[in-house]
Structures are given as C-alpha cells and as structure tokens.
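So the chains spell out like this:
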Number of protein chains: 4
Amino acid sequence: MTQTHDLDQAGSGFVRLDGHMADDLSVVNSARVSFAKRSTTMGDAEVGLVNFLMRERHGTPFEHNSFRFHVSCPLFVAREWFRHRVGSFNEFSARYAEVGDRFFAPAPQQIRRQEGKPGAYKFVPLEPELAGEASGLISDHNEQAYALYKHLLWLGVAKELARTVLPVGMFTEFYWTVNARSLMNFLSLRTAETAQQEIRQYALLVEAVFAEMMPVTHKAWRDNGSICP
Amino acid sequence: MTQTHDLDQAGSGFVRLDGHMADDLSVVNSARVSFAKRSTTMGDAEVGLVNFLMRERHGTPFEHNSFRFHVSCPLFVAREWFRHRVGSFNEFSARYAEVGDRFFAPAPQQIRRQEGKPGAYKFVPLEPELAGEASGLISDHNEQAYALYKHLLWLGVAKELARTVLPVGMFTEFYWTVNARSLMNFLSLRTAETAQQEIRQYALLVEAVFAEMMPVTHKAWRDNGSICP
Amino acid sequence: MTQTHDLDQAGSGFVRLDGHMADDLSVVNSARVSFAKRSTTMGDAEVGLVNFLMRERHGTPFEHNSFRFHVSCPLFVAREWFRHRVGSFNEFSARYAEVGDRFFAPAPQQIRRQEGKPGAYKFVPLEPELAGEASGLISDHNEQAYALYKHLLWLGVAKELARTVLPVGMFTEFYWTVNARSLMNFLSLRTAETAQQEIRQYALLVEAVFAEMMPVTHKAWRDNGSICP
Amino acid sequence: MTQTHDLDQAGSGFVRLDGHMADDLSVVNSARVSFAKRSTTMGDAEVGLVNFLMRERHGTPFEHNSFRFHVSCPLFVAREWFRHRVGSFNEFSARYAEVGDRFFAPAPQQIRRQEGKPGAYKFVPLEPELAGEASGLISDHNEQAYALYKHLLWLGVAKELARTVLPVGMFTEFYWTVNARSLMNFLSLRTAETAQQEIRQYALLVEAVFAEMMPVTHKAWRDNGSICP
C-alpha cells in the first residue's frame, strides 16, 4: 500500500507511506505475552488494554510495529525531523547528486511576526504590504542562490562545496522508518502548537497515516493528552 | 504470514515469524534516495548495489525493514538475546503469571566438556557415563525446583519471590522486533562457532527466516564474511 | 570518587559509583547553547531553568552527563535492570567464570503474599510460621543447587551447561554507564511502589548517588512527580 | 579540564572538550567484570586486553566512558555530525535566537573539483583563476544573504522564517556527548579519505582529544585499521 499526501501544487512537499507492519493487535499481543496470552481480534478488552497501557505509560508494547515513510520537505524541516534518534533515516546527498530547483517560498499570507518569549511565543500575520515584500525577497533570493549554485558547478566547483551557498529553505528527500512509540514522541513535539508551522503540516500528515493504520492506539494517544508513553 | 520452527518435540522451544515488512528492495531504495532515484524490481544493478553497501559497511540502508518474532527459549538463552539493544522486546513476566513446567534438560549426547581459554574455548562430548549422570541430575533438579516453586505458591508466597528458586534453564517467551542491520549483528555473534550451542540453534532459525525474506541481503552478508555492516 | 552502598552484611549486594561526569551546570549549558549562552555557576536563574526544562519535558539537556556504576545483585534484579536500553552494560559471565556461592535468601520477615490484580498488586507479610518455612526452604534449595552445580563441574560438564541449574536468585555483577535522562527513567519505574521491593532497594541507592551529584536536577525531578522527562 | 582547538583565525570554528569521564582502565575493568576481576593500573596485560577486544570487535567495553564536546562549525558539517544517533546533542536554535554573521567562506586554494564516481571520488584543486572567482562569489553571497536576513527581521518577519534564506554554510554550535565506541564509529567515517574535507578537519581534532584521553584504546583502534569495534 502506498499513500501520498502532497503539501503543495508543485508536488515539492510530500509524505508517502512506503511500507508498514502496523496494527493495534501487535500492541495487545506484545503486552499479553507477559501472561503468555494472545488475541486474534480487537474486542472491548483489547481496546481497554491499549488505553490502560497508554495511560500508565507502558511504552514497549507500542514498539512492535513499523512505518516506512518517504518524505520531501525543506531542509530546515528535515533538520528538526532528524533529531529523532529512535528510527532510521536515509537522505538525498548534495555531495553525490545535483540539487534540484525547489525551495521553500512562503506566500505573503504565510509570513508571520513572532511575539513573546521562548517557550511562549505567539505568531501573528505580518502586515500585508510587508509580507508581500518579504515573500518577494525570499523568492528572488532562492532564484539567485540557485543560479549561483549552477554557476559554481559550471566553473567546476565540487558539488559538496557549491551546495554551501544554498539556503536552508531548499528541498531534500528521505526515507524514515519508525515504530509507533517513537512516532508518538515525534507527533507530541511536532504537532504541538509550539512547533514551527512548517513541520507541523508534515507531522499532521504523518498523524493521519498513523490514525488510519492503528486507530485504537491513535485514539488512546489523543485521549490521554497526546503525551508520549 | 507466520512460520513456526520448533526446536524440540515438546514444542517448548520455537521461533515464529509474527509479522514482517522486509524485502531487498527497501535496501536499494533507501540507498538510492541519495540520488533521488528509485527501483521497482531487483535486477543485476540492484543486486550489485546491495553487495557494494555490505562490502563498504554502509549500514543505514539495511534498517528500513522490520521483523517481529515470537520466541520461546530457556532463560539463559533469552539473557544473551536481550543484550541486543537495537530492537524491541516484551517478555513473559514471572511476577504477574505462574511459570509453566518447562525446563532446559539436555540429553546425554548434548552434554559437553569445555577446553581451552576464554576467546578460544573448544567443546568436546562428555564421556557417555558421566553425561548420563549429569543429564539425569539436571532433570531431577528441574523437577525438584518446580515442585518447590509450586509449594511456595501454595504456602502463599508471592510469585515474584517464589520464582527466585527456579533455575535459569526454565523457559520464557517474548516478542522481538528488529531490523535487518541489528539482526545481522545478532546473527554475527550468535551463529558464530564461539556462541553457546543452545542460542546458536535459535539464531540459525532466525537466519533461515531472514534468508527467505531478504535473500539478496542475506547472501551479501554471508559472502562478506558474515560480519555486521 | 567512589562510594559503596552495601545492601547486606555479607557484602553480596552493592551499588558503587565507579566514575562520573555529572553536575547540574551541564544541564543548564546544553540548554543555553540554543541561545549561544553559557553559565559558570548555579544561581537562581539556572535553578529556574532546570525546573522549566523538567516541567516542560525537554529531555535532551539531561543527557550531557554520565554515571558509571558497579553493581552486584541477584539475577532476577539484573534482568529487570538490563531492560533499560539507553545505557551500557558489561556483566559477569557464567560461561567464562565459575559462579560464586552467593544467593538471594530472604529472611522470614521479607517474605510476602501478593494480593490484587496486575497493575494493582498489594503485598502483605506472610504469616510468620509460613514465612519461616518458606525462608528455610529457599535457603536449603540454594545450597542444594550450588552443590549440584559444583558436582556437575567436577564431572567435567562445561560451565555454560552446569550453570543452567542455578536459580535466578544467584548473584551477578556488572558495570552500568548511563546518563541522567535514562537514569531518571530507570528511577521512575524502579523506585515506584509497584516495583518489586528487591530492585527498589537498589534503585534507591542509585537515586542517592544521583541526588548527591546533581541535586538541582534531582529535586526538579522529584518536585515534578518523578516522571521521566 | 578544557581544551580548545580553533580551526580558523576568526575563532568561528572550534572543538572544545567541555567534560570527560574517560580512561583506558574503564575498558579493561568493564571487560574483566566477566571474570569478576579488576585492575588498578595499565600494565602489559591490560594493554594486551584492549588490543584483543578491539581486534575481536568486542564493542561494549568501549562504552563505559564519556566525552562532552562543545563544537562550532558550518551547518553542512553539523548535518553530517548529527546523523550519529548514539550520543546526545543540543544545538543553537535559529528559531529562538538571532543567527550571527559567520559563514563558511573557502579560500581559493580550498576550492576543488570533484572527479570520478560515487564511492570513488577524487578531488583536485580548481584552476586558480576559477577558484578565485568562486571564492569571491561565495563570500559575496554570504554577505548578501545575511543582509537579507537582517532586513527580513527588520520588516518584522519571525526568526524561524527569516532564517530560511541563510545558506547551509552558516555557522552553528552545539554540545555533543558521546562514548568511545560511538566516537570511534564517527572517526572511522569522518576521518576517512572519502569524508568531506571540511568535516574531516573537525574529526581530526576530536581524534586528538580521544588520543590524549585514551591513548591505549586510540592506538589499538588505529593499529586495527581504524574500523569500528
């Protein structure tokens, strides 16, 4: 099964489920092995057990499953993503391959002002005129940076050096394989109000896949305050 | 798909594949994302790539897959198994449930003498008469220990205390979820000549499952000296 | 600096701090690098920051420190301990060396009855007469098992096979190296009321070392409900 | 003890040892606990043991130590560094704080051409005239990008959005805490001929610290082909 969620018309940003071994029963059965028991269907007792495990923070039964995602996103989003160490990553390499002409270019209405202190930031839309100017400047800069990158390659500069001029708004792509426990930790941090809006969008797509594959676990997680087990 | 490999007639010891997300293509595609490329079938180039990755010790592309095993084995085997930290475990609990009457009881021909020094041990069969005596003593002891355990429970002693008299030869069971990279590390150590024969048997069953699911990766691993990537 | 906490007169059980790189400032400075700032002493602002990090579950700043413990405990305690994967272990090997004559032998007043259901067990002292009987039976069994072990060795049976008759109450020893984040997770689970009393004793000794080395972090952890960050 | 190795006159790039719990004896003693033995000094037998462990790829005894580094480097270097999952990181945040005016700006003689295929790249100096042009263009671009960043902030754009125009050559800083086993893995990959020269410089400074703190382990690692244990 594959599923692709595009984040823009240009198809630059996406989350695609590339493979999975994930259902709610795996949670139940890895917990019930404590008693040498095993279930074959999700009944009321099984749903209750998943809720109990989540509430009591028994984390290990949520690890016996796996999701493999193929993701394309801006580098500044990927940087936050790769901080999650429990899971596996392989990424596009700007040392080995030429970077494509795809950059994060916020529309004026996406551009925001930051208010408040660390830990309690609020974001409000920037005044339309200023936002328009900022949006235009960012787009122009991306174009310029990419043109310089191509020129440096044309001069013969190694890809690994030429890339150093590219902005952190450039797109990258990667595979990410992760289990539900680590994924819930990711979602707790990256779907939070305090997360940067740009990674939040991706995290919500990931959450949609999780909810579809493991509905009981997903609901238990949401019902218990979306904290990591 | 499930597969059960029994290790004895009594069905006490087994390795059962309970779930999987594992094929050779996942290795290829997680490596090719470096170049933003993707394959849909395993051709010569793909086989060559898997071999290259193994030979050059590129470990991460071997992580984008998952095996979930259900295992029953003696506790002294499980103790070595659980030392492998990259992976997930849930096990039978002798605090919560009553231990069954299943123990490791070596037949006389399994009983061996140890010769040499650490790092270079050799094992030779014990003389038949001595082996017969040892085998009988071990079996008797298991029976006695189990009878004492049941008696302690009957006296009212908590399971978590009563279990302390049970020998490390008692059987336990667990779920183990692991990716191919960590699994190859496990196999490198536990299928080695220097591994204890009792865990080696289990590791060989695990290897058979791995070879069936990811034949190209398995062959590349064996061809490169069975060292971990 | 080394510190040894003995758990019994016989010196069989102990927790010894063998090395450390641990202070509260490391928490502060690894958090303040977010702002390219650095503190050299723990003032009110620094204490406040540690509390903020704990309350908000910012886990990573608690990882930049290290404790190395040398522990001797019964095997059934070590089994629970080794389930904590974030950290490093090296343990005594009953394959390589002869096991000593040291076993968990509960005094009558330690012996308890278990009441209630999993997740909500209560333990009450066993009636003195029954407890006396149980205590004696356990001690006798340990002696018997050890005598059998020695006899099997005398017959020539390999250590790795002879050990299979030894009860899980036998003592083992190991080194454990861990950072404060993982240590707090260990303490949350193993100092809890629901933990088995025998590991709880050890966990409380570990906590005492932690409190001495990182008093501000320890207090913040206790004040915030002793939940893992 | 602290040690700072600067990588440039401007002090932009550095590796500073911020804390440590690291000596060769910790390797010896965590290995010898297998036999319930312990050493207090490094004699010939101890050196021999470290070599044996390295040669035979016994990895765990190399984990009972810890190094805490404070590093400042360009973001494209940090990106490779953070792929090493066994260890702890805390980094400067461009969401919370204003980025400084420090960028990777290669001198003409550092600029190179890439030849060959992935896995077998060679690098040769770029012709001086072209290198001069490239060096100038990169510097100018950094200035321009930083000026745009400051202008966006002045317009009121949130730091987390304004940063998206900054090139991956910008400097960041972080704390990294790691044990010798993971550090040797890092060094194996990042001091290799095939590593990008810019991270290689940093890795060599890290290696110098490692060699000073754990000379026997470092030598054993180098003598055994610098492969990870």
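Residues numbered from 1 in each chain as written. Chains lettered and ligands numbered in written order. Predicted model: local features only at pLDDT ≥ 70, side-chain atom pairs only at ≥ 80, totals over all residues.

This next bit is on the overall build of chain A. A tally of regular secondary structure across chain A gives 8 helices and 7 strands. In terms of overall dimensions, chain A has C-alpha extents of about 65 × 40 × 30 Å along its principal axes. Restricting the contact set of chain A to residue pairs at least 6 apart, pairs at least 24 apart contribute 69%. (Helix = DSSP H or I, 4+ residues; strand = E, 2+ residues; numbered from the N terminus. Contact = placed C-beta atoms within 7 Å.)

Before going further, it helps to spend a moment on the packing of helix α6 (residues 180-190) of chain B against helix α7 (residues 197-213) of chain B. Residues and elements named next belong to chain B. Put simply, α6 and α7 touch, their axes get as near as 9 Å, and they point 145° apart. Handedness of the α6/α7 crossing: left-handed. Contacts between α6 and α7 pair A180, L183, F186, L187 and R190 from the former with I199, R200, A203, V206, E207 and F210 from the latter. (Axes fitted to C-alpha atoms, helices over the stretch in contact; angles between N-to-C directions. Left-handed = near helix turned anticlockwise from the far one by under 90°.)

Further remarks concern the interface of chain A and chain D. In this assembly, 38 residues from chain A lie in contact with 38 residues from chain D. Sorting the residues of the side of chain A that touches chain D by element identifies β5 (112-115), α4 (128-155) and α5 (159-162) of chain A as the ones contributing at least two each. The leading source of residues in the side of chain A that touches chain D is α4(A), at 10 residues. Tallied by class, residues from the side of chain A that touches chain D come to 24 nonpolar, 6 polar and 8 charged. (Nonpolar A, V, L, I, M, F, W, Y, C, P; charged D, E, K, R; others polar.)

A separate point is the relation of the copies chain A and chain D. Least-squares fitting of chain A to chain D yields an RMSD of 0.0 Å, with the transformation described by 0.0 Å of translation along the axis and a rotation of 180°. These values place the two chain copies in the arrangement generated by a two-fold rotation axis. For chain A, the smallest separation between a C-alpha atom and the rotation axis is recorded for A:P167, amounting to 1.9 Å. Of all interface residues in chain A, 100% are interface residues in chain D too; the two copies therefore contact each other through one and the same surface. (Least-squares fit on C-alpha atoms with pLDDT ≥ 70 in both.)

For the match of chain B to chain C, the screw axis carries a shift of 0.0 Å, the RMSD comes to 0.0 Å, and the turn is 180°. Of the residues that chain B buries at the interface, 100% are likewise interface residues in chain C, meaning the two copies contact each other through the same surface.

A word on the interface of chain B and chain C. Much of the literature gives interface size as the accessible area that the parts lose upon coming together. Taken together, the contact between chain B and chain C spans 39 residues of the former and 39 residues of the latter. Elements that contribute at least two residues to the side of chain B that touches chain C include exactly β5 (112-115), α4 (128-155) and α5 (159-162) of chain B. The dominant element in the side of chain B that touches chain C, judged by the number of residues it contributes, is α4(B), at 10 residues. Per-class residue counts for the side of chain B that touches chain C are 25 nonpolar, 6 polar and 8 charged.

On domain assignment, one finds that chain A holds domain 1 (3-94 + 170-223) and domain 2 (108-165). Distance from the C-alpha centre of domain 1 of chain A to the C-alpha centre of domain 2 of chain A: 30 Å. (Domains from an automatic or database assignment.)

The next point concerns the environment of A:D44. Residue and element names in this part refer to chain A. In this structure, D44 sits in helix α2 (residues 44-55). A tally of 7 C-beta atoms within 10 Å means that D44 is categorised as exposed. Each C-alpha atom, one on D44 and one on F186, is 28 Å from the other, the two residues being 142 residues apart in sequence. (Buried ≥ 20, exposed ≤ 12 C-beta atoms within 10 Å, placed from the backbone.)

Take unusual backbone geometry next. One non-glycine residue, B:A36, lies in the positive phi region at around 60°. Among the structural elements, B:A36 can be located in the loop between α1 (24-32) and α2 (44-55).

A few words now on the confidence of the model for chain A. In regions of low pLDDT, the predicted coordinates are not meant to be interpreted in detail. With 93% of its residues at a pLDDT of 70 or more, chain A has an overall mean of 93. Interface scoring of the predicted complex returns ipTM 0.93; its pTM is 0.96. (pLDDT = per-residue confidence, 0-100.)

This part is about the environment of A:L137. Take A:L137: it is sitting in helix α4. Expressed as a C-alpha distance, the spacing of A:L137 and A:A105, which sit 32 residues apart in the sequence, is 9.6 Å. Among residues more than four places away in sequence, those in contact with A:L137 are D:L148 and D:L152.

Quick look at α4(B) now. Along its 28 residues, α4(B) runs 40 Å from first to last C-alpha, staying within 8% of the 40 Å computed at 1.5 Å per residue. Among all positions in α4(B), only B:A131, B:A134, B:I138, B:H141, B:N142, B:A145, B:L148, B:Y149 and B:L152 are buried. For α4(B), the elements touching its buried residues are β6 (122-125) and α5 of chain B together with α4 (128-155) of chain C. Among the residues trailing α4(B), B:G156 stands out with phi positive, at a value near 110°. (Expected span 1.5 Å × (residues − 1).)

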